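Analysis of the macromolecular model
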Amino acid sequence: MEPEIRQSIESAVEAADQKPALARKLIAWCESLSDGRESLEDRDSTLRHLADLYETVAVPDSEDLSSSSDVDSSEELDPV
Amino acid sequence: MAVELRIAGWKAENLRCPDHQVNFERSGQGVWPLALVQMPNGTGKTTTLDLLRVALGGRLPESWNAQRVRQFRKKGSPESKGVFEVVLLQNGRRVTLRLSFDFDEGSCRFTTTLPSSGQKVGFSPPAELRRFLRPDFVNLFVFDGELAERLLQQGHTNAEEAIEDLFQLKVLKSVAARVGEYWEQQVEGQSATESRGLSRRRNRVQLLRGRLLELRGEQRRLSEARARLDGELQARRTKYEDDLHAQDSVRDRIFASAEAAREAEARVQSTAGQVLRDMTNPAALSWRFANAMIELKNGFDRVQLPETAAREFFEELAEEESCVCGRPLDPESRDALRARAGRYLGSEEVALLNSIKSDVALLVSADHHFHERQLVDKLEALDRLITDAERLKTERDAEEESAVRVRPELQRAREEMAGLEESIRALDRDLEKFDSADDSAGDQSTFGIKIIERRLKDAEEKLAQITNTLQLRWKRDALRTILEESIRTARRRLGEEICREANERIAALMPNNSIKIDSVRQCLQLKDQDGGSVGETLSVAYAFLSTLFNRTEHQLPFVVDSPANPIDLRVRASVAALIPKLTRQFIAFTISSERDGFLDPLEASAGAGHIKYVTIFRKGDRVQEATARREPQRAETSDGLLVEGRDFFRGFHLESEG
């Protein structure tokens, strides 16, 4: 993988206030995919990498989760 | 793993171009780094390039209908089949891609041959080659002036896509797509995935927690009040009784009458127990039940229940070879025995009926009225005992009443105790509501603590669910943002770097020309101008593509149609000097008029010993044919001649190209 791509991932991870471990994992997986050692068609391996990435992402306090601008879904009403 | 892709050669049979087979392999040294394929106008150069693009791109163009396919048929040929085959070397491994034409059907199909899996119908090159062997990408390395122009044309995205393909930026795009799919899989079936759901659920949990605290607090306060009143009542009662029994004569009378009342109550309890036990016998409730039970027993006696079970007997008999009468049992007889065995009682049923019979005999006397009379007598005795017990209790109360009447402090004490008892009853009524199982009211109107606890548990589970969902969504958004930003930044940085290097090459190619690439925004953007001359465009394209191909670890061939023809003679020498540095394999289709101002500097730059010269021409010019047949390295087919060698190449000239 080109150094420009690696550096771009590292700086995007840093800009998102995430740990360098996330960049390392992303780079390692993308390199494996690029050189054909792994494939996105391999469901088990892809799920394992995705679960690991999700696990590595740090989330803010739960209070901040509601600051999203998404509109509401058609949630059912809670029983009284 | 880095891909090293080379074109080992190709062949065409029964197609519009002369039949030919070219081979670029160099004994023991891979392929020739430079190959010049001279095909005069009318030889089928454009056809060969088109076939190369389709064979490498793996997809038949939409325009290739039956009529178009038939246009590839050799003029005047009776053959109904035609073949175009390209042999590639992928890191030294041979990959053969074949286009098979059926001119009768007007069809064309792919076959792929790999050393590992043999020949397969369809286009199935190794996975590592697929991102290069696509129509769009093939146009970058099987290249002509038209495609060079597209690199600079607004609306065409091949310059940017070339960067994305070569530098694997599309891997980041694919990962971003999978990140989104993963989230969808994880939250599938969740009822709420948005933030308003979170606020509502969090509010409800807080409300229920508050309500539970409030109810438990109130319950505790009331329970404590009740315990306090109860203690007070007990203390008052103890003092009252002490005061009441302070006088010996009074105490003795009250104790005596109380003892008599307790004994009477005990007799009532004992007799009531006997009455209840007797009432479990139906015969005691009415002589008519006794009659019916005896009649049932007599009925059982009359039917003479068997001692052994008949059903099992017949079922076992059906398994025997022959009947008890000696007759052999065939399958039909066995089926009949099994079917009819169901009409007879089984051992468990017989045991139950015999048990009923013996119980009736035991519980019902021969005198059917006996049990009823006995019960009536006991009920009358119980009635008398109750009356007696009530009288004795009244007498005991009267003794106490007469003692209290003469002592006002005892009277007051009793009134106070009655007040306390009433307060306790009121508190008990208030406390009962906390045990209510009524689940129909809203949270604020529900007092059942267990109900509120259950609602809180449900609400906490829902809150946990949506919190997890929203955390996952937040992570998805963060990962997507990171990947999208990575792609944007990488594209910009790579674009800038490639522009800078390409501009250095352009400056070397055209030192007196100020044309420069400004940026890559979908297409190549030229600095301070919209476009260039044909020569400038081609030079810019060469510079861009050579920079691109040289920057990656992958090595691709570069096939160019007329590399120098549209270029000014002044620039030809510079382009010729650049070509050996473009890639490790450069194949150029040329015509004789291109040699001027191009071939000498090319040979000077590459070294004549590193160039393969191939001339292919259609039969018809007898002088050229005769000259060609004198060449040692030649191949002749029904309609064409292929000659390898520098001298023939340089001397070749057709009137039509004059």
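The preceding data block contains the structure.
Read on for a plain summary of the structure. Please read these numbers as outputs of a predicted model, since none were measured by experiment.

A look at the sheet that holds strand S13 (residues 611-618) of chain B
Residues and elements named next belong to chain B.
- As summarised here, the arrangement of the 7 strands in space is S8-S11-S12-S3-S13-S15-S14, forming an open sheet in which the pairing is mixed. Every other strand in the sheet has two partners, leaving strand S8 (142-143) and strand S14 (634-636) as the edge strands with one partner each.
- Pairing of S8 with strand S11 (residues 558-561), which is carried by 2 bridges, proceeds in the parallel orientation. Bridge pairing in S11 links Val142 to Val559.

As for the pattern of salt bridges
Residue and element names in this part refer to chain B.
- Counted under the stated rule, the structure contains 62 salt bridges over all chains.
- Residues Lys457 and Glu461 are paired through a salt bridge, measuring 3.6 Å at the closest nitrogen-oxygen approach. Note that Lys457 and Glu461 are positioned in helix H16 (residues 449-509) at a spacing of 4 residues, about one turn of the helix.
- Take Glu461: its relative accessible area is 47%, and that puts it in the partly exposed class.
- Salt-bridge contacts for Lys612 lead to Glu644; the nearest nitrogen and oxygen are separated by 3.2 Å. Of this pair, Lys612 sits in strand S13 while Glu644 is found in strand S15 (residues 640-644), placing the two residues 32 residues apart along the sequence.
- The network of salt bridges with shared partners includes Arg204, Asp439, Asp443, Arg454, Arg455 and Asp458.

Observations concerning empty space enclosed by the protein
All names here are of chain B.
- Under the defined criterion, the tally for this structure stands at 1 cavity of 30 Å³ or more.
- Quantified by volume, the largest cavity comes out at close to 30 Å³.
- Taken together, Leu36, Thr590, Glu594, Arg595, Phe598, Leu599 and Phe649 make up the full set of residues lining the largest cavity.
- Counted by class, the lining of the largest cavity contains 4 nonpolar, 1 polar and 2 charged residues.

With respect to the packing of aromatic side chains
All names here are of chain B.
- Under the definition given, this model contains 20 aromatic pairs over all chains.
- Judged by centre distance (4.8 Å) and plane angle (50°), the ring pair of Trp64 and Phe72 falls under tilted. Considered together, Trp64 and Phe72 belong to a single accessibility category, that of buried residues.
- Aromatic rings pair up to connect Trp64, Phe72, Phe101 and Phe103 into one cluster.
- Above the plane of the ring of Trp32 lies Arg26, whose end atom (NZ or CZ) is 4.2 Å from the centre.
- It is Arg476 that lies over the ring of Trp183; its NZ or CZ is 4.3 Å from the centre.

About the thresholds
- Residues numbered from 1 in each chain as written.
- Chains lettered and ligands numbered in written order.
- Predicted model: local features only at pLDDT ≥ 70, side-chain atom pairs only at ≥ 80, totals over all residues.
- Heavy atoms only, no water.
- Pairing = 2+ DSSP bridges.
- Helix = DSSP H or I, 4+ residues; strand = E, 2+ residues; numbered from the N terminus.
- Salt bridge = Lys/Arg side-chain N within 4 Å of Asp/Glu carboxyl O.
- Buried < 20%, exposed > 50% of the residue type's maximum accessible area, 1.4 Å probe, protein only.
- 1 Å grid on protein atoms, 1.4 Å probe; cavity = no way out; pocket = protein on both sides within 12 Å on 5 of 7 lines; lining within 4 Å.
- Points joined across faces, edges and corners; volume = space filled by probe spheres on them.
- Nonpolar A, V, L, I, M, F, W, Y, C, P; charged D, E, K, R; others polar.
- Phe/Tyr/Trp six-rings, centres within 6.5 Å; stacked < 30°, edge-to-face > 60°.
- Lys NZ or Arg CZ within 6 Å of the ring centre and 35° of its normal.

The values reported here are purely geometric and, on their own, carry no functional implication.
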